Amino acid sequence: MVKTSDLIVKALENEGVEYIFGIPGEENLDLLNSLKDSSIKLILTRHEQGAGFMAATYGRLTGLPGVCLSTLGPGATNLVTPAAYAQLGGMPMIMITGQKPITKSKQGRFQIVNTVEMMHPLTKLSKQVVHGHTVTSIIREAFRLAIEERPGAIHIELPEDIAGEKSDAHIYEKTSYRRPVADSHSIIDAVHRIHKAKSPLILLGAGANRKRTRDAIKYLIDKSGIPFFTTQLGKGVMDERSPLCLGTAALSSNDCVHTAIDSSDLIINIGHDIIEKPPFFMTRNSFEVISINFFAAHVDDVYFPQVEIVGDISDSITQISQHIEKQSHWDFGFILKIKKALDAGIKEGADDNSFPVQPPKLVSIVRNAMPSDGIISLDNGLYKIWFTRNYKAHEPNTILLDNSLATMGAGLPVAIASKIVYPDTNVMAICGDGGFMMNSQELETAVRLKLDLAVLIVNDSAYGMIKWKQQEMGFEDFGLDFGNPDFVKYAESYGASGHRIGKTEDLEPLLNKCFETPGVHVIDVPVDYSRNNELLYRCMTVFKK
Ligand SMILES: Cc1ncc(C[n+]2csc(CCOP(=O)(O)OP(=O)(O)O)c2C)c(N)n1
Ligand SMILES: [Mg+2]
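First things first, this report covers the structure right here in the doc.

Each helix and strand counted, the chain has 23 helices and 20 strands in total. Each principal axis of the C-alpha distribution contributes one length, and for the chain these read about 75 × 60 × 45 Å. Looking at the chain alone, contacts between residues at least 24 apart form 75% of all its contacts between residues at least 6 apart. Carbon together with sulfur atoms contributes 53% to the accessible area of the chain, which is approximately 21,900 Å² in total.

With that settled, the discussion passes to the coordination of the magnesium ion (ligand 2). Metal coordination angles have textbook ideals: 109.5 degrees for a tetrahedral set of four donors and 90 or 180 degrees for an octahedral set of six. Protein-derived ligands of the magnesium ion (ligand 2) are D433 (OD), D460 (OD) and A462 (O), with the metal-ligand distances lying across 2.0 to 2.2 Å. Coordination of the magnesium ion (ligand 2) draws on donor residues from a single chain, spaced D-x26-D-x1-A in sequence. Under the relative-accessibility criterion, D460 is labelled partly exposed at 21%.

The next thing to look at is the pattern of salt bridges. Evaluation of the coordinates by the stated rule reveals 30 salt bridges. A salt bridge links K218 to D222, with the nearest nitrogen and oxygen atoms 2.7 Å apart. Here the residue K218 and the residue D222 both occupy positions in helix α10 (residues 213–224), the gap between them amounting to 4 residues, near one helical turn. Look at K218 and you get partly exposed, because its relative accessible area is 40%.

All told, the structure shown has 0 disulfides when counted by the stated rule. In this model C68 remains outside any disulfide bridge; the closest cysteine sulfur is found in C431, 20 Å from its own.

Time to look at the sheet that holds strand β10 (residues 228–230). Reading across the sheet, the 6 strands line up as β11-β10-β9-β12-β13-β14 and stay open at both edges, with parallel pairing between neighbours. One side of each edge strand has no neighbouring strand; the edge strands of this open sheet are β11 (245–248) and β14 (307–310). Mean inter-strand twist for the sheet, computed between neighbouring axes without regard to direction, equals 20 degrees. Of the pairings in the sheet, the one linking β10 to β11 comprises 2 bridges and is parallel in character.

A few words now on the site of ligand 1. For ligand 1, the set of nearby residues contains 18 residues, the closest of which are D433, G435, G464, M465 and Y529. At a separation of 2.6 Å, an oxygen atom of ligand 1 approaches a polar backbone atom of G464. Interatomic distance of 2.6 Å between a side-chain N/O atom of Y529 and an oxygen atom of ligand 1. Here ligand 1, which alone exposes 580 Å², has 76% of that area covered by the protein. Counting residues per element, the ones that place at least two in the shell around ligand 1 are α15 (382–390), α17 (433–438) and α19 (464–472).

Let us now look at the nonpolar core. Ranked by internal contacts, the top residues of the largest apolar core, which has 56 residues, are F229, I270 and F280. Not counting residues up to four positions away in its chain, the partners in contact with F229 are L201, I202, L203, L204, L246, G247, A249, V257, I261, I267, P279 and F280. If you look at the next biggest cluster of nonpolar residues, it comprises 47 residues, including A86, A410, A429 and L451.

Judged by side-chain polarity, M438, Y463 and I466 come together as a nonpolar surface patch covering roughly 270 Å² of accessible area. On the secondary structure map, Y463 appears in the loop between β18 (453–459) and α19.

With that out of the way, let us pick up α15. Counting buried residues in α15 gives 9 out of 9 residues, a clear majority hidden from the surface. When α15 is considered as a whole, its buried residues turn out to be L382, Y383, K384, I385, W386, F387, T388, R389 and N390.

Contact pair helix α14 (residues 359–369) / α15: the axes reach a minimum separation of 9 Å and the direction vectors enclose 55 degrees. Relative to α15, the element α14 is oriented oblique. Relative to α15, the crossing made by α14 is right-handed. Contacts from P359, P360, L362, V363 and V366 in α14 reach W386, F387 and N390 in α15. The residue inventory of the contact of α14 with α15, partitioned by class, reads 7 nonpolar, 1 polar and no charged.

Another point: the pairing of strand β9 (residues 200–204). Most of β9 sits inside the fold, with 5 of its 5 residues counted as buried. Across the two faces of β9 the burial is the same, with P200, I202 and L204 and L201 and L203 all buried. Pairing analysis gives 5 bridges linking β9 to strand β12 (residues 266–270), with the strands arranged parallel. Among the inter-strand pairings, L204 is bridged to a residue of β12, identified as I270. Assessed by its sense of winding, the connection that carries the chain from β9 through α10 to β10 is right-handed.

Rules behind the numbers
- Residues numbered from 1 in each chain as written.
- Chains lettered and ligands numbered in written order.
- Predicted model: local features only at pLDDT ≥ 70, side-chain atom pairs only at ≥ 80, totals over all residues.
- Heavy atoms only, no water.
- Helix = DSSP H or I, 4+ residues; strand = E, 2+ residues; numbered from the N terminus.
- Contact = heavy atoms within 4.5 Å.
- Areas by Shrake-Rupley, 256 points an atom, 1.4 Å probe, with all protein chains shown as cover.
- Donors = N, O, S within 2.8 Å, 3.2 Å for Na, K, Ca; no water.
- Buried < 20%, exposed > 50% of the residue type's maximum accessible area, 1.4 Å probe, protein only.
- Salt bridge = Lys/Arg side-chain N within 4 Å of Asp/Glu carboxyl O.
- Disulfide = S-S within 2.5 Å.
- Pairing = 2+ DSSP bridges.
- Axes fitted to C-alpha atoms, helices over the stretch in contact; angles between N-to-C directions.
- Near = heavy atom within 4 Å.
- Polar contact = N/O pair within 3.5 Å; in protein donor to acceptor, adjacent residues only side chain to side chain.
- Core = buried A, V, L, I, M, F, W, Y, C linked by side-chain atoms within 4.5 Å.
- Patch = residues over 30% accessible without salt bridge, like charges linked within 9 Å, V, L, I, M, F, W, Y side chains within 5 Å.
- Parallel < 35°, antiparallel > 145°, perpendicular 65-115°, else oblique.
- Left-handed = near helix turned anticlockwise from the far one by under 90°.
- Nonpolar A, V, L, I, M, F, W, Y, C, P; charged D, E, K, R; others polar.
- Right-handed = clockwise from strand over helix to strand, strands pointing away.

Structure, rendered in structure tokens:
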């Protein structure tokens with residue numbers, strides 16, 4: 001007979017868990033004690049939200065579920081946002097929360113909320129462990145289900161008394177299986193439609209961002225010569241320096257890339273689903289869409305693909321490539337003209353040395369400072385549009401952002417988890433002054449873990465993204481300005497290095513210096529958003545001329 005909390009740790013080790021991110025409460029003390037002699041490393045954070053974002057990111061980067069831990073009640077409610085983040089973002093994550101004893105009462109209803117019910121709509125499975133005998137099968141099922149397409153969040157509640165009781169449950173072996181593949185009839189139908197189209201376009205979305213898909217997609221693009229564009233979450237699936245890359249649909253409409261999309265008669269959608277902000281709006285009269293995904297497409301007013309290829313994405317693409325041939329009637333002339341205009345616009349923005357920094361210049365400086373495999377982690381704010389639009393990703397998972405829950409506050413924890421997973425890679429969090437302050441306490445975690453990390457704060461002393469929308473909607477400027485702490489002193493008080501730039505030319509050498517100097521660096525960068533619309537829509541104006 002073995003104590004249940006010991007069994008859980010053994011089961012987690014058996015699943016290959018390396019880290020548990022979290023903040024224990026008294027209801028987790030058995031589990032904490034069982035972790036003491038385990039190979040699993042506890043990463044203590046300063047807010048459960050930070051722990052959840054880190055666990056989800058571990059899952060996103062490795063394909064294996066990331067694990068986080070909290071106490072009951074307030075600890076568990078703090079995991080609500082990361083649960084939604086992982087669930088919407090398709091990131092495998094397992095949350096283990098504590099609970100008061102269930103076989104007897106300890107403190108009445110003190111701190112008790114129905115966490116299992118609370119987590120139901122945010123997870124693929126939310127379950128309480130009611131007996132030590134079932135705990136190992138629950139863990140095996142949790143790990144299986146978390147990575148099954150579409151990946152997502154799982155919640156396991158472990159009551160205090162169950163954690164301490166003994167059982168003789170055995171550990172279940174990990175199993176693996178080959179994913180189902182698409183039927184050849186649907187492949188032939190799709191190839192026929194692609195051949196018949198005048199100007200087909202490939203869209204790369206989040207689901208295309210899986211191990212082994214890049215080679216298959218690259219082969220399809222090389223063989224067919226069909227241009228491609230990406231969603232925000234599809235960035236990096238292919239090297240965006242490709243002459244066939246039209247860039248990213250950072251907005252849903254009215255950007256230059258949409259002129260190209262609207263001129264196409266067939267979009268070959270690899271891995272985008274409607275949980276991400278739409279890269280375009282379909283209408284009755286617009287292009288046809290072929291959806292290639294692990295599952296059938298969700299239908300919506302703005303998205304209703306006419307053709308489906310359901311099965312392992314890599315395999316589907318490989319099957320398509322076997323049959324596809326370049327067609328002499330395909331015409332990409334207009335589409336590639338737009339690409340030229342887009343690229344010229346991006347280059348033009350890179351020359352502007354005015355101060356405070358203009359967003360396109362900021363993107364160009366960061367791109368220059370980051371090596372091809374360097375990772376940037378974006379929080380949510382106006383700068384995200386600029387980075388997704390102008391930052392050309394070279395490698396998969398090198399621009400980590402959230403375009404499904406689109407929560408503020410994840411930028412720093414995501415960067416911390418990325419550095420833990422890839423200790424030899426340059427990692428930079430890029431956060432607005434609003435988003436940074438939502439989880440800035442994790443600076444202490446980064447310093448304690450002795451991570452080398454850059455944190456760039458896009459400083460406009462406001463919730464800039466909402467200010468922009470306010471202006472777009474014709475409202476008066478109201479209610480969105482705030483003051484900031486002195487970010488240099490703030491960083492230093494955590495034992496990090498603080499920097500502030502006084503002119504735009506100083507930023508690139510400073511970033512290079514930060515990557516050469518160990519430790520956590522916080523860089524305060526004043527930005528000017530006042531010309532946002534003019535710069536954002538410049539490509540459209542140039543193109544319309
Ligand atoms: C947790 C959360 N709260 C509110 C929002 C709505 N929201 C989206 S962007 C934004 C402003 C972001 O401000 P900041 O981080 O300073 O970036 P900026 O746009 O100013 O560059 C807000 C309030 C959100 N996405 N997430
Ligand atoms: Mg701001």
